[in-house]
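Descriptive structure summary
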Amino acid sequence: MTKIGLLAGSFDPITVGHLDIIRRASGLFDQLIVGVFYNKEKAGLFDIETRERMIKEAVADMPTVSVVTSSGELAVEVARRYGATHLVRGLRNATDFDYEANLEYFNRHLASELETVYLIASHAYQPVSSSRVRELIYFGADLDGFVPTSVIKEVEK
Ligand code: ADP
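Residues numbered from 1 in each chain as written. Predicted model: local features only at pLDDT ≥ 70, side-chain atom pairs only at ≥ 80, totals over all residues. Heavy atoms only, no water.

**Some points on the side chain of Glu100**
Which entries qualify depends on this criterion: Segments assigned H or I by DSSP are reported as helices when at least four residues long, segments assigned E as strands when at least two residues long, and all are numbered from the N terminus. Any residue under 20% of the maximum accessible area for its type is buried, any over 50% is exposed, and the rest in between are partly exposed; the area is computed with a 1.4 Å probe on protein chains only. Throughout, a residue-residue contact means that at least one pair of heavy atoms, one from each residue, lies within 4.5 Å.
On the secondary structure map, Glu100 appears in helix 4 (residues 94-110). Judged by relative accessible area, Glu100 falls into the buried class, the value being 5%. Apart from the residues within four sequence positions on either side, Glu100 is in contact with Arg89, Leu91 and Tyr118.

The structure is reproduced here in structure tokens:
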């Protein structure tokens, strides 16, 4: 059976923590789909095309990774549309765990055929979050080590 993973998130913007999960998950699945989920009513810091472009540039050396976007849909719906066999999530800490454990209950109810796989964040990246990165961008701080170069280039524009 072809194993296809879907890693869904807002990626506003992609961080080194996300990239680490993408790289590790890409070794577990035949294909890994990165799903950029956005809310039409709630503008993020980066628009959806920019988020997608920054991810594509960061995963250019990973041939089995593709990037899709989605709005107004559940992750399980997107997974079904692309034939994903697994959902993939990163876990940084106990807060992520509590959130994910609750989400898993509903995902299993909605799509019992989909198994979710959790990868514990590499220690060096556990404190990194998109929200903290957005704050650093707001204050014009150095982003080196927190985001891939595609994000640094976009911010410098
Ligand atoms: P964020 O919480 O930073 O806004 P997303 O909503 O884009 O992240 O999350 C997408 C997925 O990536 C989630 O499973 C989330 O737990 C995971 N993730 C986010 N940051 C990290 C990190 N630093 N290390 C590992 N996984 C992460």
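Additional details are given in the paragraphs that follow.
**Remarks on the site of the ligand**
To keep things clear, this is the line we draw: The near set for a molecule or strand comprises every residue that places at least one heavy atom within 4 Å of it. Polar contacts here mean pairs of N or O atoms no more than 3.5 Å apart (in protein, one a potential hydrogen donor and the other a potential acceptor; neighbouring residues in sequence count only if both atoms are side-chain atoms). Throughout, the Shrake-Rupley method with a 1.4 Å probe supplies accessible areas, and for residues the shown protein chains are the sole cover considered. Three categories are distinguished: nonpolar for Ala, Val, Leu, Ile, Met, Phe, Trp, Tyr, Cys and Pro, charged for Asp, Glu, Lys and Arg, and polar for the others, with Gly belonging to the last.
With respect to spatial proximity, 16 residues lie near the ligand, and among them Phe11, Gly90, Arg92, Tyr125 and Val128 are the closest. At 3.2 Å, a side-chain N or O of His18 approaches an oxygen atom of the ligand. Protein contacts shield 88% of the accessible area of the ligand, which totals 540 Å² for the unbound molecule. Those elements that place two or more of their residues in the shell around the ligand are strand 1 (4-9), helix 1 (16-26) and strand 4 (86-91). Here the shell around the ligand gets three residues from one element, more than from any other, and that element is helix 1. Considered class by class, the residues forming the shell around the ligand number six nonpolar, seven polar and three charged.

**Re helix 2 (residues 48-58)**
For helix 2, the set of buried residues is Ile48, Thr50, Arg51, Glu52, Met54, Ile55 and Ala58. Turning to helix 2, the residues buried within the fold contact helix 1, strand 2 (31-38), strand 3 (65-71) and helix 6 (149-156). You can read the cap of helix 2 off the contacts: a side-chain oxygen lies 3.3 Å from the backbone nitrogen of Glu49, and it is on Asp47.

**A short note on the sheet that holds strand 3**
The cut-off we apply is this: Two strands make a pair as long as DSSP finds a minimum of two bridges between them. Inter-axis angles, ranging from 0 to 180 degrees, are taken between N-to-C directions of lines fitted to C-alpha atoms, where helices are fitted over the stretch in contact.
Pairing is parallel across the open sheet formed by five strands, whose spatial order is 3-2-1-4-5. Two strands close off the open sheet at either side, each with one partner strand: strand 3 and strand 5 (115-120). Ignoring which end each strand starts from, the neighbouring axes of this sheet average 30° apart. Inspection of the sheet shows strand 1 paired to strand 4 by three bridges, in the parallel sense. Looking across to strand 4, one finds that Gly5 is bridged to His86. Along the sheet face, helix 4 touches strand 4 and strand 5 and points at about 165° away from the line of strand 4.

**Some details on the packing of helix 2 against helix 6**
Note the following rule: Here is the rule for angles: anything less than 35 degrees is roughly parallel, anything more than 145 is roughly antiparallel, 65 through 115 is roughly perpendicular, and the remaining ranges are oblique.
Packing of helix 2 against helix 6 leaves a shortest axis separation of 8 Å and a crossing angle of 140°. Considering their axes alone, helix 2 and helix 6 lie oblique with respect to each other. Across the interface between the two elements, Thr50, Arg53, Met54, Glu57 and Ala58 of helix 2 pack against Ser150, Val151, Lys153 and Glu154 of helix 6. A breakdown of the residues in the contact of helix 2 with helix 6 according to their chemical character gives three nonpolar, two polar and four charged.

**Digging into the pattern of salt bridges**
Under the convention used in this document: Salt bridge, as used here, is a side-chain nitrogen of Lys or Arg placed within 4 Å of a carboxyl oxygen of Asp or Glu.
Applying the stated criterion across every chain yields a total of 15 salt bridges. Measuring nitrogen to oxygen at the nearest pair gives 2.6 Å for the salt bridge that ties Glu57 to Lys153. Of this pair, Glu57 sits in helix 2 while Lys153 sits in helix 6, placing them 96 residues apart in sequence. In this structure, a network of salt bridges that share partners links the residues Asp12, Arg51 and Arg134.

**What about the environment of Glu73?**
Counting through the fold element by element, Glu73 comes out in the loop between strand 3 and helix 3 (75-81). Between the alpha carbons of Glu73 and Ile21 there is a distance of 23 Å; along the sequence they are 52 residues apart. Beyond its immediate chain neighbours, meaning those up to four positions away, Glu73 contacts Phe37, Val78 and Arg81. Within the structure, Glu73 has its side chain in polar contact with the side chain of Ser70 (distance 2.7 Å).

From the geometry alone we can't say anything about function, so treat these as descriptive.
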